Amino acid sequence: MKHSAKDLAARIPPSFTMGVATAAFQIEGALDEDGRGPSGWDVFARKPGAIVDDHSPVTACDHYHRMPEDVALMKELGVDSYRFSLSWSRIQPGGSGPVNPKGIDFYDRLLDQLLASGISPMVTLYHWDTPLPLDEAGGWLNRDTAYRLGEFASIAAAAFGDRVARWVTVNEPATVTTNGYALGLHAPGESQLLKALPTVHHQLLGHGLAMQALRAAKVPGEIGITNVYSPMVPASNNPLDKLSTALMDVFQNRLFADPVLLGKYPDVIRAATFFSSFSPSDEDMDLISKPLDFYGLNYYMPTRVAAGPGDGAVPPGMAEAMGDDLSGSAPGAPFHITEFPNAETTAYGWPIRPDYMPVALAEMAERYPELPPVFITEGGASFEDVVVRDKAGDRIIIPDERRLRYLAEHISSAVEATSPGGPAESIDLRGYYVWSLLDNFEWSAGYKQPFGLLHVDFESMARTPKASYYWLQELQDARKEAAAKAVGESAAGEPEPVA
Ligand code: IFM
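The structure displayed is predicted, hence computed values, not measured ones.

### Concerning the packing of aromatic side chains
Evaluation of the coordinates by the stated rule reveals 25 aromatic pairs. Relative to Tyr356, the ring of Phe340 lies with its centre 5.8 Å away and its plane at 55 degrees, an arrangement referred to as tilted. Taken together, the residues Phe340 in the loop between strand S9 (335-338) and helix H15 (357-367) and Tyr356 in the loop between S9 and H15 connect sequence positions 16 residues apart. Across the pair, Tyr356 and Phe340 agree in class, each one buried.

Rendered as structure tokens:
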């Protein structure tokens, strides 16, 4: 079978980490419980029209109360690692100042249960849910937020450093800048277009300061940052389309990766910022570009770019997610994102192109010769799932073949591309994390874009494994069986010890 879990398992190196990923605000709920403070997202999500159908994150997946059940489902799934984020507002409700012991307690229990289940924790410090007092003081437009993230990293290191295998300082700063500060689609809802640029530097500085704090605390875990990467493809050979594509590449990819991996901003940005007051110091750039233990890369899709404003510069898919009311969010940019002809798409309208995974990896390898080991820290697809009951009506089946195929093809192409002879063979690819463990609050799209391996009934909160969950389980079982066999064979081949 083309997407057979067993075939793929045989091609994945034994040491490769297979994981699942989530983020605190998307799953936890319990926004007002046990001393958690408000985050900017709590407020943004209450604005009429900000979230599709005004869906509320107040309960989300109720993971805060169902965490033991969710860890048990991961154990059954057999994944090697779980990537989750800390709710800054739960741990340090004001974004500075006192720590909330009940917040620490929740993550203490989560970490202990993961380790007891043989699942290695990867912890993201910042996955978009900025504490409200910091947002009110300017959020990432304010340089001070970077220092606050550094302080939060010290708190996390002291509380959890003994149990965390890998730390991600900041998740997808590009999305925060674009959606949160340039287009107003995410919290804090700012539509500042190019005036959003300081949020790039401040988030990257936050990464640098967080890494400095973790290193100072001598945490044994590895440290990295996660950037989303999308290969940019011109819509035609027209020079204007090509120029637009290069610009889009700078704004979505290079702007966030170059400072970390090359120690400098792309030239075009440096030229543009020449006209503004922004000029990062050598000290900042030094902090931002300190060597990483690994680089986290989120790959979902390539982006096809054309010159001209298009019909509003809101990416296809985002328009659906936002409903009809796009007023105010269309900036009239000089270029726009356009569809890939004939490409299958996810429920978001994102093109499904596993053939661009090798392109993404090869471009990373070429641009960044000193690239550390890489984890694909997110990849996955939203589809509207069909819930089928068997004849007796007592068993639920969710045949999410398209998600299963998406995962099989993307994992397979990543492994192939980085194997000897592959276009990105120089990359030391260490793992892949499926986005997401369970259907969850997909930011402005509310609950309308399910990415989960587990279906969540948002009325009863019942979790039901989808076909993709069973597929990943079979893949992991096959890998473990092969590893056990290899250990058995090598033990059998060893010479008898001499008495
Ligand atoms: O849900 C998000 C996640 O929070 C960050 N990366 C992309 C995912 C899917 O949109």
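### Focus on the pattern of salt bridges
According to the stated counting rule, one finds 29 salt bridges in the structure shown. The partner of Asp249 in a salt bridge is Arg367, with the nearest N and O atoms 2.6 Å apart. Within this pair, whereas Asp249 is found in helix H11 (residues 239-261), its partner Arg367 is found in helix H15, the two being separated by 118 residues in sequence. Put simply, Asp390 and Arg395 hold a salt bridge, and the shortest N to O gap is 4.0 Å. One continuous salt-bridge network, built from bridges that share partners, spans Asp385, Asp400, Arg403, Asp439 and Lys466.

### Topic: the pairing of strand S4 (residues 166-171)
Of all six residues that make up S4, six are buried, and the element is covered over most of its length. Of the strand pairs in this sheet, strand S3 (residues 120-126) and S4 are connected by four bridges, and their pairing is parallel. For Tyr126, the partnering residue across the bridge sits in S4 and is Val170. Alignment of S4 against strand S5 (residues 222-228), held across four bridges, turns out to be parallel. Of the residues in S5, the one forming a bridge with Trp167 is Ile223.

### Examining the confidence of the model for the protein
For the protein, per-residue confidence averages 94 on the pLDDT scale, and 93% of positions sit at 70 or higher. Throughout residues 316-330 the model reports pLDDT below 50, and contacts reaching past four residues in sequence, or to other chains, amount to 28 contacts.

### A few points about the packing of helix H9 (residues 173-182) against helix H10 (residues 198-216)
Closest axis-to-axis distance for the H9/H10 pair is 9 Å, and the angle between their directions is 145 degrees. Read as a crossing pair, H9 and H10 show a hand that is right-handed. Of the residues in H10, those touching H9 at Pro173, Val176, Thr177 and Tyr181 are Thr199, Val200, Gln203 and Leu204. Broken down by class, the residue content of the contact of H9 with H10 amounts to five nonpolar, three polar and no charged.

Thresholds applied
Residues numbered from 1 in each chain as written. Predicted model: local features only at pLDDT ≥ 70, side-chain atom pairs only at ≥ 80, totals over all residues. Heavy atoms only, no water. Phe/Tyr/Trp six-rings, centres within 6.5 Å; stacked < 30°, edge-to-face > 60°. Helix = DSSP H or I, 4+ residues; strand = E, 2+ residues; numbered from the N terminus. Buried < 20%, exposed > 50% of the residue type's maximum accessible area, 1.4 Å probe, protein only. Salt bridge = Lys/Arg side-chain N within 4 Å of Asp/Glu carboxyl O. Pairing = 2+ DSSP bridges. pLDDT = per-residue confidence, 0-100. Contact = heavy atoms within 4.5 Å. Axes fitted to C-alpha atoms, helices over the stretch in contact; angles between N-to-C directions. Left-handed = near helix turned anticlockwise from the far one by under 90°. Nonpolar A, V, L, I, M, F, W, Y, C, P; charged D, E, K, R; others polar.

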